[in-house]
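Structural features, examined
Residues per chain are reported as follows:
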Amino acid sequence: MASQLIYDGSVARSSVTQQRITEVEEKLLQARDVVFEDVELFNSNGIVPEDKQPLDAGFIEFPSRLLKDIEAKTDGGLVGQIERVAAELRDNIDRLVVLGIGGSYMGMRALFEALCSPVHNELSRSQRGGVPRLYFEGNNVDNDSVQALLNLLETSCRDKSDVEQRWGISVISKSGGTLETAVAFRIFRKALEGYYGPDSSDSRRFVVPITGEIGKLRNLSNTTEYPEVFPIPDGIGGRFSVLTAVGLFPAAVLGIDIRQLLRGAADITESFRTQPPGTNPVLDYTATCHALEVDQGANIRVLTTWGKRLEAFGLWYDQLLSESLGKQGQGATPLTVVNTRDLHSRGQQHQQGKGDKLFTNIVVESPAYDVQTVPESNRDEDDLNQIAGKGLPEILAAATKGTNEAYHEDGRPTADIVIPQLDAYYLGQLLQMMMLTTVVEGRLININPYGQPGVEMYKTNMKRILGID
Ligand code: PA5
């Protein structure tokens, strides 16, 4: 492994006894065994006992399986295919509209915000490295947001012979029946077919559906004869699907190194499988969270991203934890905060409100861009010459340290996840770590982390109210 992210829960753990942590760790080792028994059962295609249904353990070995296929198959397997189709689309369009919701949206948004320029869509095509702009829709039923994007596409795409005026769609839905996405697809497909011509090859080759093996979107894709349709495998649930074609395909279109994403995920999975507590970030994170929740009433897990680029990652984790463990009256409540921004809104409550929170900082040690420093000024009305020459990362680090100190004075537990830099490899580790921690905690507290019966209920009700079959 290149280098493993670091999880440090020592400060948070000082509020519980070492004996208690050891007890939790012992139970977690048993829960880890259950997670890998699940993987074996899943791989065997054996009968899944009722209390384990659904069993969507496919995500655990998926990254390493894809990496093996790259070596074993002459065409590079699914990764090779994704890279080829992504390159073709990337070279032919300048705007990609990604349609999807929940697990078919949040992960890709996390990848985009973490790994692409924060001003990606404002850059020229050459500044973007020849990759398209990206837009997300189908994640709501928001008339104005849809209409604004359609207006933008209409006014900026007038000459379809010019690559900079061509756009495409990737529609993502595992079930193929989620109304928000299906409605958006119909609307954007109409616009796309209106632009390229309903029977043109462009109106098919610039649409890439990503969906399950059966369902309405699969049927529609077959009937329309879209040349490339990527699968969402059975046994990988929506919120666990970011490292399938769901995230990998749009990421590859944007030029993100998807092999490194997979490598990071495979490496942290191996660490989870083999390492003892103390050098196993998945087990260590889960042990801290569980012990503080049970013993200290830390029911709210605040994931604090320092800087903006991991906000969508935090929102992705919000969904993962909420939908996976928020069942049978159980499950901690996740909350993403972006500091220092949210110190100016939530900070007061977090420091001195109810003591029901565990704060986990995500610390990125080095920025991706050149360091910006505070300039020296002849006029010093703002008194900032005393920190002239200091870089923004140093100022952010002071804010992090100062906040932790303040929280500790008020007895608020904090922990840290540290990565050297924000790149595809470490993001792959982070994503897989959070998925693994969620399932191992589920097995620890006897909650099936897979499936989302509550979400399905709202979908059914909404369709009934609209009179849809
Ligand atoms: O985690 C899940 O399974 C859900 O959040 C789904 O991803 C979400 O409801 C979208 O479903 P689908 O991909 O079937 O359109």
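Residues numbered from 1 in each chain as written. Predicted model: local features only at pLDDT ≥ 70, side-chain atom pairs only at ≥ 80, totals over all residues.

Here we come to the overall build of the protein chain. Broken down by element type, the protein chain carries 17 helices and 10 strands. Its C-alpha atoms give the protein chain principal-axis dimensions of about 75 × 70 × 50 Å. Per-residue burial over the protein chain gives 44% buried out of 469 residues. When contacts within the protein chain are restricted to residue pairs at least 6 apart in sequence, those whose partners lie at least 24 apart make up 75%. (Helix = DSSP H or I, 4+ residues; strand = E, 2+ residues; numbered from the N terminus. Buried ≥ 20, exposed ≤ 12 C-beta atoms within 10 Å, placed from the backbone. Contact = placed C-beta atoms within 7 Å.)

Taken together, 15 residues are adjacent to the ligand, and Gly102, Gly103, Ser175, Thr178 and Gly238 come closest. Each residue belonging to the shell around the ligand can be placed in one class, and the counts come to two nonpolar, 10 polar and three charged. (Near = placed C-beta within 6 Å. Nonpolar A, V, L, I, M, F, W, Y, C, P; charged D, E, K, R; others polar.)

A few words now on the sheet that holds strand 2 (residues 95–99). Read from one edge to the other, the open sheet built from five strands follows the order 3-2-4-5-6, with strand pairing classed as parallel. What marks the edges here is a single partner per strand, and that holds for strand 3 (133–137) and strand 6 (230–231). As defined by bridge partners, strand 4 (residues 167–173) adjoins strand 5 (residues 207–211) across five bridges and the pair is classed as parallel. Bridge assignment links Val171 to a residue of strand 5, and that residue is Pro209. Here helix 7 (residues 179–196) sits on the sheet and contacts strand 2, strand 3, strand 4 and strand 5; the angle it forms with strand 4, its principal contact strand, is near 160 degrees. Helix-sheet contacts for helix 10 (residues 245–253) involve strand 2, strand 4, strand 5 and strand 6, and the interaxial angle to strand 5 is about 155 degrees. (Pairing = 2+ DSSP bridges. Axes fitted to C-alpha atoms, helices over the stretch in contact; angles between N-to-C directions.)

With that settled, the discussion passes to unusual backbone geometry. A cis amide bond links Gln53 to the next residue, Pro54, at an omega of -5 degrees. Here Asn339 and Thr340 are connected by a cis peptide whose omega angle stands at 15 degrees. One can find Thr340 in the loop between strand 8 (333–339) and helix 14 (347–352). A positive phi angle, close to 60 degrees, is found at Asn45, a residue other than glycine.

Another aspect to go through is the pairing of strand 8. Where strand 7 (residues 300–306) lies against strand 8, seven bridges are found, and the strand directions are parallel. Looking at the pairing, Thr305 lines up with Val338 of strand 8. This β-α-β element, strand 7 to helix 13 (residues 311–325) to strand 8, shows right-handed connectivity. (Right-handed = clockwise from strand over helix to strand, strands pointing away.)

The next thing to look at is the domain arrangement of the protein chain. With domains assigned, the protein chain is organised as domain 1 (6–52 + 275–448) and domain 2 (59–259). Here the C-alpha centre of domain 2 lies 30 Å away from the C-alpha centre of domain 1. Taken together, the contacts link 20 residues of domain 1 with 22 residues of domain 2. Where the side of domain 1 that touches domain 2 is concerned, the elements lending two or more residues are helix 2 (18–44), helix 13 and helix 16 (424–444). Per-element accounting of the side of domain 1 that touches domain 2 gives the leading share, nine residues, to helix 13. (Domains from an automatic or database assignment.)

Okay, the sheet that holds strand 8 next. Strand order in the open sheet formed by five strands is 1-10-9-7-8, with mixed pairing between adjacent strands. If you trace the sheet from one side to the other, it starts and ends with strand 1 (6–8) and strand 8, each paired once. On average, adjacent strands in this sheet sit at an angle of 20 degrees to one another, irrespective of strand direction. Relative to strand 10 (residues 414–421), strand 1 runs antiparallel, the two sharing three bridges. Bridge pairing links Ile6 to Val418 in strand 10. Across the face of the sheet, helix 15 (residues 392–409) comes into contact with strand 7, strand 8, strand 9 (357–366) and strand 10 while running at roughly 160 degrees to strand 9.

Bringing the environment of Leu444 into the picture now. Mapped onto the elements of the fold, Leu444 is located in helix 16. The spacing of Leu444 and Leu29 is 415 residues in sequence and 9.3 Å in space, taken between C-alpha atoms. With near-sequence residues (within four places) excluded, Leu444 lies in contact with Lys27, Leu28, Ala31 and His290.

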